[in-house]
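Structural characterization, general
One-letter residues, chain by chain:
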Amino acid sequence: VQLVESGGGLVQPGGSLRLSCAASGFTFSVYDMRWYRQAPGKEREVVASIITAGGITHYADSVKGRFTISRDNALNTVYLQMNSLKPEDTAVYYCNALGRSIPIHNYWGQGTQVTVSS
């Protein structure tokens, strides 16, 4: 099982980044997908989530209206489009896959650094 994030980097405030998470080794289409982030000295927090079929999404209040989560089940990939980035968005962003069938499987990627700074 692998979740491989990409697309992080350094961006100026107000800029945009698109994160990708490529999944392999499990049936991606039956897993709910989430993006989490963890800033230095802070707990990991969920940023956005999308259900298996992609029709329902949820966002943390801090990113509503700026971030968009999407998925392509044909490509086994989930995305996070981040616009109007702020310095407080600086964190390591992690991709997470959560199964629905018992036993419930919970998979994590290695993370990708996003730094918002001028």
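See the structure above.
Here's a quick rundown of the structure. (Residues numbered from 1 in each chain as written. Predicted model: local features only at pLDDT ≥ 70, side-chain atom pairs only at ≥ 80, totals over all residues. Heavy atoms only, no water.)

1. Some words on the overall build of the protein chain
Of the regular secondary structure elements, the protein chain holds zero helices and 11 strands. The linear arrangement of helices and strands in the protein chain, starting from the amino end, is β-β-β-β-β-β-β-β-β-β-β. Since a compact globule built from 118 residues should have a radius of gyration of about 13 Å, the 14 Å found for the protein chain is in line with a globular shape. For the protein chain, the spread of C-alpha atoms along the three principal axes comes to 45 × 25 × 25 Å. Pairs at least 24 residues apart make up 54% of the contacts formed inside the protein chain by residues separated by at least 6 positions. (Helix = DSSP H or I, 4+ residues; strand = E, 2+ residues; numbered from the N terminus. Rg over C-alpha atoms; globule rule 2.2 N^0.38 Å. Contact = heavy atoms within 4.5 Å.)

2. Describing the nonpolar core
Ranked by size, the top nonpolar core spans 30 residues in total, and within it Leu3, Met33, Trp35, Val78, Leu80, Met82 and Tyr93 carry the most contacts. Breaking this core down by element, the ones donating at least two residues are β3 (17–24), β4 (32–38), β5 (45–50), β7 (67–72), β8 (77–82), β9 (91–98) and β11 (112–116). Those residues in contact with Tyr93, other than ones at most four positions away along the chain, are Glu5, Leu19, Trp35, Tyr36, Arg37, Val47, Phe67, Leu80, Met82, Gly111, Thr112 and Val114. (Core = buried A, V, L, I, M, F, W, Y, C linked by side-chain atoms within 4.5 Å. Buried < 20%, exposed > 50% of the residue type's maximum accessible area, 1.4 Å probe, protein only.)

3. A word on the pairing of β11
Residues of β11 alternate between two faces, with Thr112, Val114 and Val116 buried on one and Gln113 and Thr115 left unburied on the opposite face. In the sheet, strand β2 (residues 9–11) pairs with β11 via three bridges, with the strands oriented parallel. When the sheet's bridge partners are listed, Val11 is paired in β11 with Val116. Note: β9 against β11, three bridges, orientation antiparallel. When the bridges of β11 are listed, Tyr93 appears paired with Thr112. (Pairing = 2+ DSSP bridges.)

4. Digging into the state of the cysteines
Enumeration over the complete set of coordinates arrives at one disulfide. Residue Cys21 pairs covalently with Cys95 via a disulfide, S to S 2.1 Å. Around the S-S axis, the bridge from Cys21 to Cys95 shows a dihedral of about -85° and counts as left-handed. A residue pair is termed long-range when its members are at least 10 positions apart, and Cys21 in strand β3 and Cys95 in strand β9 qualify at 74 residues. (Disulfide = S-S within 2.5 Å.)

5. Quick look at the environment of Pro13
Within the fold, Pro13 resides in the loop between β2 and β3. Distance in space between the C-alpha atoms of Pro13 and Pro40 is 18 Å, their sequence separation being 27 residues. Setting aside anything within four residues of it in sequence, one finds Pro13 in contact with Leu85, Pro87, Val116, Ser117 and Ser118.

6. Some points on the packing of aromatic side chains
Aromatic rings in a pair are described by how distant their centres are and how their planes are angled relative to each other. Applying the stated criterion across every chain, the model contains four aromatic pairs. Considering the side-chain rings of Phe26 and Tyr31, the 4.7 Å spacing of their centres and the 65° angle between planes classify their relative orientation as edge-to-face. Of the residues examined, Phe26 reaches a relative accessible area of 13% and is grouped as buried. A relative accessible area of 8% places Tyr31 in the buried class. Members of the aromatic cluster, joined through ring pairs, are Phe26, Tyr31 and Tyr107. Against the face of Tyr79 rests Arg18, its NZ or CZ located 4.0 Å from the ring centre. The ring of Trp108 carries Arg44 above its face, with NZ or CZ at 4.8 Å from the centroid. (Phe/Tyr/Trp six-rings, centres within 6.5 Å; stacked < 30°, edge-to-face > 60°. Lys NZ or Arg CZ within 6 Å of the ring centre and 35° of its normal.)

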